[in-house]
Amino acid sequence: MARTPAKTGKKARDQSGWQAKKSAMTKDAILDAALDCFITIGYASTTTAKIADRASVSRGAMLHHFPSKTELIQAAVEYLHGKLLALYAANIEKVTHNLPVDERNRQGLQGYWKYLSSDLFIAYHELCVAGRTDPELQHILEDSIARFDANITESNIHLFPEWAERGELFEMAMDITKFVMEGMAVSQIVSQKERRVQRMIEYLGDRLEEIFHSVDEDAAIHRHSGRK
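From a predicted model like this one, the values you see are computed outputs, not experimental measurements.

A. Quick look at the overall build of the protein. What the protein contains, in helices and strands, is 11 helices and 0 strands. Element order for the protein, N to C, with α for helix and β for strand: α-α-α-α-α-α-α-α-α-α-α. Out of the 228 residues in the protein, the part that is buried amounts to 36%. Counted over contacts in the protein with a minimum sequence separation of 6, partners at least 24 positions apart contribute 68%. Counting every atom, the protein has about 13,400 Å² of accessible surface; 55% of that belongs to carbon and sulfur.

Now the structure itself:
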């Protein structure tokens, strides 16, 4: 008995859907392998052959999805930033929303530290360091980082709406938090690291309280920024 057109069409759609899903899975496997290479062997030592090997895909499959290393790195950067945003949100969203702002600040600092302690942040830092002497990578990073920072700011405003009303003080508080904590994340502290990190987080929490509760905003900006 001849197969009906309806059944033939359904089979074609099912086959097409499976192929698309398989293609997406292969692409993600390649990008995950790229991030793993950045973390374990560094950007400079990462090659498309090593990525293909780690992803368990053929050279042909690699070239099908990413015809050049530049396209692969650009996709990997976007993929990494997507994962970083999801990880940041997952940690920050654990902050208890009905707490006073000072307590939420401190919970937020702890969540931020967990984010900075992840392998994903190691991969991000590795790319930023490599970009210093690699103009092509630096160009790829610049636009992605700008959009990433904008998304982080939006998340922070959502969680800490009181800070959004503090104008330039909010920007300064974010900068202090970012530079101090990212500095700790990439430091070579070995001895009593956890105790020293927690001490710095507590100290940073105290400074954020001072900034947030400044009565005279202009005077606070001048005092904290060192302007005259």
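Moving on from the coordinates now.
B. Representation of the pattern of salt bridges in the model. With the rule as written, the count across this model stands at 9 salt bridges. Notably, a salt bridge pairs D36 with R54, separated by 2.9 Å at the nearest N-O pair. Within this pair, whereas D36 is found in helix α1 (residues 5-40), its partner R54 is found in helix α2 (residues 48-55), the two being separated by 18 residues in sequence. Judged by its relative accessible area of 31%, D36 falls in the partly exposed class. Under the relative-accessibility criterion, R54 is labelled partly exposed at 37%. Across the pair R207 and E210 runs a salt bridge whose closest N-O atoms are separated by 2.7 Å. Remark: E210 and R207 occur in helix α10 (residues 193-212); sequence separation between them is 3 residues, near one turn of the helix. One continuous salt-bridge network, built from bridges that share partners, spans R106, E202, D206 and E209.

C. Fine view of the side chain of H81. Within the secondary structure layout, H81 lies in helix α4 (residues 69-92). Take H81: its relative accessible area is 4%, and that puts it in the buried class. Once residues within four sequence positions are removed from consideration, H81 is found in contact with Y124, S144, I145 and F148.

D. Just unusual backbone geometry, in detail. One non-glycine residue with positive phi stands out, namely S56, at about 60°. Among the structural elements, S56 can be located in the loop between α2 and α3 (59-65). The phi torsion at Q192 lies on the positive side, around 50°, for a residue other than glycine.

E. Main features of the nonpolar core. Core analysis: the biggest nonpolar cluster contains 58 residues, and F38, W163 and M181 have the highest contact counts within it. For this core, the secondary structure elements donating two or more residues are α1, α2, α4, α5 (101-116), α6 (119-131), α7 (135-159), α9 (168-186) and α10. Residues in contact with M181, not counting those within four places in the same chain, are L109, Y112, W113, L116, I201 and L204.

F. Structural detail: the environment of K27. For K27, the location among the structural elements is in helix α1. On the basis of relative accessible area, K27 is assigned to the partly exposed category, the value being 36%. Each C-alpha atom of the pair K27 and A61 lies 9.0 Å from the other, and the pair is 34 residues apart in sequence. Once residues lying within four places of it in the same chain are set aside, the contact partners of K27 are H65 and F66.

G. The arrangement of α7 in detail. With 25 residues, α7 extends 36 Å from end C-alpha to end C-alpha; this agrees with the ideal 36 Å at 1.5 Å per step. A distance of 3.2 Å separates the backbone nitrogen of E136 from a side-chain oxygen at the start of α7, and that oxygen is part of D134.

H. Structural context of a nonpolar patch on the surface. A contiguous nonpolar patch, built from V180, M200 and Y203 and spanning about 250 Å² of accessible area, is present on the exposed surface. With respect to the secondary-structure elements, Y203 resides in helix α10.

I. Geometry of the packing of aromatic side chains. All told, the structure shown has 8 aromatic pairs when counted by the stated rule. With a centroid separation of 6.2 Å and an interplanar angle of 55°, the aromatic rings of Y115 and F121 are classed as tilted. Through successive ring pairs, a cluster of aromatic residues spans Y88, Y112, Y115, F121, Y124 and F148. Positioned over the ring face of Y43 is K69, at 5.6 Å from the centre of the ring. A cation over a ring is seen here: R166 above F212, with NZ or CZ 5.7 Å from the ring centre.

About the criteria used
- Residues numbered from 1 in each chain as written.
- Predicted model: local features only at pLDDT ≥ 70, side-chain atom pairs only at ≥ 80, totals over all residues.
- Heavy atoms only, no water.
- Helix = DSSP H or I, 4+ residues; strand = E, 2+ residues; numbered from the N terminus.
- Buried < 20%, exposed > 50% of the residue type's maximum accessible area, 1.4 Å probe, protein only.
- Contact = heavy atoms within 4.5 Å.
- Areas by Shrake-Rupley, 256 points an atom, 1.4 Å probe, with all protein chains shown as cover.
- Salt bridge = Lys/Arg side-chain N within 4 Å of Asp/Glu carboxyl O.
- Core = buried A, V, L, I, M, F, W, Y, C linked by side-chain atoms within 4.5 Å.
- Expected span 1.5 Å × (residues − 1).
- Polar contact = N/O pair within 3.5 Å; in protein donor to acceptor, adjacent residues only side chain to side chain.
- Patch = residues over 30% accessible without salt bridge, like charges linked within 9 Å, V, L, I, M, F, W, Y side chains within 5 Å.
- Phe/Tyr/Trp six-rings, centres within 6.5 Å; stacked < 30°, edge-to-face > 60°.
- Lys NZ or Arg CZ within 6 Å of the ring centre and 35° of its normal.

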